[in-house]
Amino acid sequence: MTGSTASGGHYGEDLFEPEHPQEAERIDDAALVYDPVTTGRLRSLGIGPGSRCLEVGAGTGTVVRWLLEEAGAAEVVALDRDTGGLEGLAGPRVRLVTADLRDENLDLGTFDLIHARFVLMHLPERRQLVSRLAHRLNPGGWLVLGDAVETPNPLDSSSAYRRTMDAMWQALRTTIGTDTSDIPAYPHFLREEGLQYVAGELVCPPLVPDGPLARFWSETWNRMRPALEETGRVDSAVIDEAVAYLASPRLAELGPGMMIAWGRRP
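Residues numbered from 1 in each chain as written. Predicted model: local features only at pLDDT ≥ 70, side-chain atom pairs only at ≥ 80, totals over all residues. Heavy atoms only, no water.

1. A look at the packing of helix α4 (residues 160–176) against helix α8 (residues 236–246)
Helices that pack against each other are described as a pair by the angle of their axes relative to one another and the distance between those axes. This is how the line gets drawn: Note on geometry: axes are C-alpha line fits, over the in-contact stretch for helices, and angles between N-to-C directions span 0 to 180 degrees. A run of H or I in DSSP becomes a helix once it reaches four residues, and a run of E becomes a strand once it reaches two; helices and strands are each numbered from the N terminus. For classification, angles of less than 35 degrees are called roughly parallel, those exceeding 145 degrees roughly antiparallel, those between 65 and 115 degrees roughly perpendicular, and all remaining angles oblique. Between two residues, a contact is recorded if the distance between any of their heavy atoms is within 4.5 Å. Basically, the charged four are Asp, Glu, Lys and Arg, the nonpolar ten are Ala, Val, Leu, Ile, Met, Phe, Trp, Tyr, Cys and Pro, and anything else, Gly included, counts as polar.
The contact between α4 and α8 brings their axes to 8 Å, and the two run at 110 degrees. Regarding the angle of α4 to α8, the classification is roughly perpendicular. Taken together, the residues of α8 that come into contact with α4 (itself represented by Ala160, Tyr161, Arg163 and Thr164) are Val238, Ile239, Glu241, Ala242, Tyr245 and Leu246. Its residues placed into classes, the contact of α4 with α8 shows seven nonpolar, one polar and two charged.

2. Side note on the environment of leucine 145
This is how the line gets drawn: Exposure classes here rest on a 1.4 Å probe applied to the protein chains alone. A residue is buried below 20% of its type maximum, exposed above 50%, and partly exposed in between.
You can see leucine 145 is positioned in strand β5 (residues 137–149). For leucine 145, a relative accessible area of 1% corresponds to the buried category. Along the backbone, leucine 145 and isoleucine 260 are 115 residues apart, and their C-alpha atoms lie at a distance of 5.5 Å.

3. Some thoughts on the sheet that holds strand β6 (residues 196–203)
In a beta sheet, neighbouring strands are held together by backbone hydrogen bonds and run either parallel or antiparallel to one another. Short version of the rule: Only strands joined by at least two bridges in the DSSP assignment are considered to pair.
The strand order across the open sheet built from seven strands is β3-β2-β1-β4-β5-β7-β6, with neighbouring strands paired in mixed fashion. Across the chains shown, the open sheet's two edge strands, defined by having one partner strand only, are β3 (94–98) and β6. Going from strand to strand, the sheet's axes swing by 15 degrees on average, the running direction of each strand aside. The pairing of strand β1 (residues 52–56) with strand β4 (residues 111–117) spans four bridges and is classified as parallel. Paired with leucine 54 across the two strands is isoleucine 114, which belongs to β4. On top of the sheet, helix α3 (residues 126–134) reaches β1, β4 and β5; it is set at about 150 degrees to β5, its chief contact.

4. Here's the deal with the packing of aromatic side chains
Any pair of aromatic rings gets described here by the distance separating the centres and the angle formed by the planes. Which entries qualify depends on this criterion: When the centres of two rings from Phe, Tyr and Trp lie within 6.5 Å, Trp using its six-membered ring, the rings pair. Their planes under 30 degrees apart give stacked, over 60 give edge-to-face, and anything left gives tilted. Geometrically, a charge over a ring is one whose NZ (Lys) or CZ (Arg) sits within 6 Å of the ring centre while staying within 35 degrees of the ring normal.
Per the counting criterion, the structure on display carries six aromatic pairs. Each ring, one from tyrosine 34 and one from phenylalanine 118, has its centre 5.2 Å from the other, and the planes form 75 degrees; the classification is edge-to-face. Note that tyrosine 34 is positioned in helix α1 (residues 23–44) and phenylalanine 118 in the loop between β4 and α3, a separation of 84 residues in sequence. In this structure tyrosine 34 comes out as buried when scored by relative accessible area, which is 4%. Here the aromatic rings of phenylalanine 216 and tryptophan 217 are separated by 5.0 Å at their centres, their planes lie at 75 degrees, and the arrangement is edge-to-face. As far as burial versus exposure is concerned, phenylalanine 216 and tryptophan 217 are alike and both buried. Following the ring pairs from residue to residue traces out a cluster consisting of Tyr161, Trp221 and Tyr245. The ring of tryptophan 262 has arginine 41 sitting right over it, with the charged end atom 4.0 Å from the ring centre.

5. What about empty space enclosed by the protein?
Rules: Cavities and pockets were defined on a 1 Å grid built over protein atoms only: a cavity is a set of grid points that admits a 1.4 Å probe from which the probe cannot escape, a pocket is an open set flanked by protein on both sides within 12 Å along at least five of seven lines, and lining residues are those with an atom within 4 Å of any such point. Grid points are joined across faces, edges and corners, and a volume is the space filled by probe spheres set on the points.
In this structure the tally under the stated criterion is two cavities of 30 Å³ or more. Of the volumes computed, that of the second largest cavity is approximately 30 Å³. Taken together, Thr38, Arg41, His115, Arg117, Val144, Gly146, Met258 and Ile260 form the lining of the second largest cavity. Looking at the lining of the second largest cavity, the elements that each hand over two or more residues are α1, β4, β5 and β7 (257–264). Residue composition of the lining of the second largest cavity, grouped by class: three nonpolar, three polar and two charged.

6. As for unusual backbone geometry
The phi angle at tyrosine 197 is positive, at roughly 50 degrees, despite the residue not being glycine. Tracing the backbone through its elements, the reader meets tyrosine 197 in strand β6. Its relative accessible area of 55% is what places tyrosine 197 among the exposed residues. Even without a glycine there, the phi angle at aspartate 210 is positive, about 60 degrees. Along the chain, aspartate 210 falls in the loop between β6 and α6 (212–223).

Right, here's the structure in full:
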């Protein structure tokens, strides 16, 4: 994944460094929850044998593996600013590209599928990047974008969980430029790029005690503690309470979901 603010903050540098001993496990916890959603959607769109695919922000490579082993893609280009977690995927049908998606000189050719999950939300240039990605589609190719959408409980503004989650979004925005406010507009962006059969869906997987999604948020908050406290919304005791709640049988929340939007090049 990659992201920056105008002041130079980056996902993977200022937060969530790939060399951190728990980073791969944190990413894989999210993948356990969201991969079935992602791959189900890709399967429904007909991604299969012979496809040339670009996986943007390839992470630990779980979707890349599915494209290679289950979908039977002819070639998968795995793009990330750090591809250290993908070295085990080397082979004749996979190409690892260590680069920044925002590099205007980056030319990887054209694709039958371009997929980006939890990437564009960290990039202030997301609208321009949607256009750039759409223009890299072959005729009949699909652009599939997935990013987080918050679904807060309107009756809760003061619990430790709510305060910590709100502090996280604020800290992400000020530190690395994360912004989820325009994600519901993704289908409109795809239509503006001339894509057809545009649609979107919002999936909110269950947030259950000590489940993979709860572990993901717990690790995320623990890793962000200094940035969370700097927002002034929470202190260490509030964060401790929120983390404990994620492991408690009292947990009862509709956590942030993932919106997927897709469209096809005529």
